[in-house]
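This is what each chain is made of:
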Amino acid sequence: MKLLEHKVVVISGGARGIGAGIARILAQHGAHIAFSFVSNSSIDAANALVNELETNHIKAKCYQSNAADYKQSESWIQDVLKDFGTIDICINNAGIAIDNLILRLSVEQWQETQRTNLDSVFNITKHVIKPMLKARSGSIINISSIIGIKGNAGQSAYAASKAGIIGFTKSIALELASRNIRCNAIAPGFIETDMTKYLKEKPDDAKNLLTKIPLNTFGTPTDIGNACLYLGSHLSQYVTGQVISVCGGMNI
Ligand code: NAI
């Protein structure tokens, strides 16, 4: 029996990067996958990922839905429930990084970052807990960031949104533990995706950054998928309200 056989997983922002990596790992371990994407330019990638996931003999479906929008999130989760019947694991992954020093950071950039990174976690959690409460079981996994723990010059909006996720995670863990719903966060370090592709364009910056990572390498979406496999499965049944850093030791 596979670790996540018959489990239904929702992933926000799953068409590429870390979200797609998580989908691949969980599907390999038997989970059915319902993921969202936001822009028209992601439609082809989303459909291609659905086809790829289905080769694991699981059910997969993609949905166009803006996680920053409360109403759209509500109807996305309703659609998933119609299509899949229940939701066992929720991965709040959708996110953007708008980097700017506070002197130049506009109120629009601040608000867009909070809406996409933090409001989205509320928008989706609010609706996935209903089937979880009914089943008296569930695992919610929020993708934070090492930057939300230690901060970074030029990333105040991003860091604030990711730190907010950690406070939300711990509070939800306390509220829902008695119903056997667990809520944890993952704090990735530098993971190779579109969000960090600027590193490839500036090899000197990349080299410099590697000196700060004890394992001396950047992470991959698979590394985050493996952490989700642990937090989503019974292997972590006694773990809630925690922040697991997956960062090559960068936080030591
Ligand atoms: P990415 O830019 O490759 O992917 C982000 C995904 O989120 C995309 O599929 C995008 O379409 C989706 N998305 C953005 N806004 C959305 C919205 N409003 N509604 C629905 N989907 C939306 O980035 P990556 O690296 O895969 O990031 C995934 C998560 O991991 C983000 O929350 C990010 O902050 C976090 N993270 C990434 C790190 C890295 O080094 N790549 C490090 C720490 C955290």
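This one's a predicted model, so the numbers in the text were calculated from it and none came from an experiment.

**Quick look at helix H4 (residues 107-135)**
- In a regular helix each residue adds 1.5 Å, so 29 residues correspond to 42 Å; H4 covers 41 Å between its end C-alpha atoms and thus fits that length.
- For H4, the principal kink sits at Asp119 and spans about 40°.
- A positive phi of about 50° marks Arg136, the residue just after H4.

**A few points about the site of the ligand**
- By nearness alone, 26 residues border the ligand, and Arg16, Asn66, Asn93, Tyr158 and Thr193 come closest of all.
- Taking Arg16, its side chain carries an N or O atom lying 2.7 Å from an oxygen atom of the ligand.
- Alone, the ligand offers 820 Å² of accessible surface; in the complex the protein occludes 94% of this.
- Where the shell around the ligand is concerned, the elements lending two or more residues are helix H1 (17-28) and helix H6 (156-176).
- Grouping the amino acids of the shell around the ligand by side-chain chemistry returns 11 nonpolar, 12 polar and three charged.

**Describing the layout of surface pockets**
- The computed volume of the second largest pocket comes to approximately 250 Å³.
- Looking at the second largest pocket, it is lined by 14 residues, and the ones nearest its centre are Lys7, Ser137, Arg182, Gly232 and His234.
- Here the lining of the second largest pocket is composed, by residue class, of three nonpolar, eight polar and three charged.

**Here we look at the pattern of salt bridges**
- Enumeration according to the criterion identifies five salt bridges in this entry.
- A salt bridge links Asp194 to Arg16; the nearest nitrogen and oxygen atoms lie 3.3 Å apart. One end of the pair, Asp194, is in the loop between strand S6 (181-188) and helix H7 (198-201); the other, Arg16, is in the loop between strand S1 (8-11) and H1, with 178 residues separating them in the sequence.
- The class of Asp194 is partly exposed, set by a relative accessible area of 39%.
- We classify Arg16 as exposed; its relative accessible area is 53%.

**Digging into the packing of aromatic side chains**
- Going through the model one piece at a time under the given rule, you end up with two aromatic pairs.
- Centre to centre, the rings of Tyr70 and Phe122 are 6.0 Å apart; their planes meet at 20°, and the pair counts as stacked. One end of the pair, Tyr70, is in helix H3 (residues 70-84); the other, Phe122, is in helix H4, with 52 residues separating them in the sequence.
- On the accessibility criterion, Phe122 (39% relative accessible area) is partly exposed.
- Lys59 extends its terminal NZ or CZ atom over the ring of Phe84, reaching a point 4.7 Å from the ring centre.

**Let's talk about the environment of Ile141**
- Within the secondary structure, Ile141 is located in strand S5 (residues 138-143).
- Sequence separation of Ile141 and Gly232 is 91 residues, and the distance between their C-alpha atoms is 7.5 Å.
- Excluding anything up to four places from it in sequence, Ile141 contacts Ile89, Cys90, Ile91, Asn92, Asn184, Ile186, Cys228, Leu231 and Gly232.

**Quick notes on the nonpolar core**
- Residues Ile22, Leu26, Ile33, Phe35, Leu53, Ile91 and Ile186 are the most contacted members of the largest nonpolar core, which totals 35 residues.
- Breaking this core down by element, the ones donating at least two residues are S1, H1, strand S2 (32-37), helix H2 (43-54), strand S3 (60-64), strand S4 (89-92), S5 and helix H9 (221-232).
- It is H1 that contributes the most residues to this core, seven residues altogether.
- Apart from residues lying up to four places away in sequence, Ile91 is in contact with Val9, Val10, Ile11, Ser12, Ile22, Leu26, Ile141, Ile143 and Cys228.
- Of all hydrophobic cores here, the second largest spans 25 residues; its members include Ile77, Val128, Phe168 and Leu176.

**Section: the sheet that holds S3**
- Taken together, seven strands build an open sheet; the order of strands is S3-S2-S1-S4-S5-S6-S7 and the sheet is parallel. Edge positions in the sheet fall to S3 and strand S7 (243-246), since each has one partner strand and no second. Between one strand and the next, the sheet's axes are offset by a mean angle of 20°, whatever the strand orientation.
- Here S1 runs beside S2; their pairing, made up of four bridges, is parallel. What sits directly across from Val8, in S2, is His32.
- Contacting S1, S4, S5 and S6, H4 crosses the sheet at an angle of about 180° to S4.
- Along the sheet, H9 contacts S4, S5, S6 and S7; its crossing angle with S6, the most-contacted strand, is approximately 160°.

**So, the side chain of Asn142**
- Take Asn142: it is sitting in strand S5.
- Once residues within four sequence positions are removed from consideration, Asn142 is found in contact with Asn92, Val121, Ile165, Phe168, Thr169, Cys183, Asn184, Ala185 and Ile186.

What counts and how
- Residues numbered from 1 in each chain as written.
- Predicted model: local features only at pLDDT ≥ 70, side-chain atom pairs only at ≥ 80, totals over all residues.
- Heavy atoms only, no water.
- Helix = DSSP H or I, 4+ residues; strand = E, 2+ residues; numbered from the N terminus.
- Expected span 1.5 Å × (residues − 1).
- Bend = angle between axes of the 7 residues up to and from the residue.
- Near = heavy atom within 4 Å.
- Polar contact = N/O pair within 3.5 Å; in protein donor to acceptor, adjacent residues only side chain to side chain.
- Areas by Shrake-Rupley, 256 points an atom, 1.4 Å probe, with all protein chains shown as cover.
- Nonpolar A, V, L, I, M, F, W, Y, C, P; charged D, E, K, R; others polar.
- 1 Å grid on protein atoms, 1.4 Å probe; cavity = no way out; pocket = protein on both sides within 12 Å on 5 of 7 lines; lining within 4 Å.
- Points joined across faces, edges and corners; volume = space filled by probe spheres on them.
- Salt bridge = Lys/Arg side-chain N within 4 Å of Asp/Glu carboxyl O.
- Buried < 20%, exposed > 50% of the residue type's maximum accessible area, 1.4 Å probe, protein only.
- Phe/Tyr/Trp six-rings, centres within 6.5 Å; stacked < 30°, edge-to-face > 60°.
- Lys NZ or Arg CZ within 6 Å of the ring centre and 35° of its normal.
- Contact = heavy atoms within 4.5 Å.
- Core = buried A, V, L, I, M, F, W, Y, C linked by side-chain atoms within 4.5 Å.
- Pairing = 2+ DSSP bridges.
- Axes fitted to C-alpha atoms, helices over the stretch in contact; angles between N-to-C directions.

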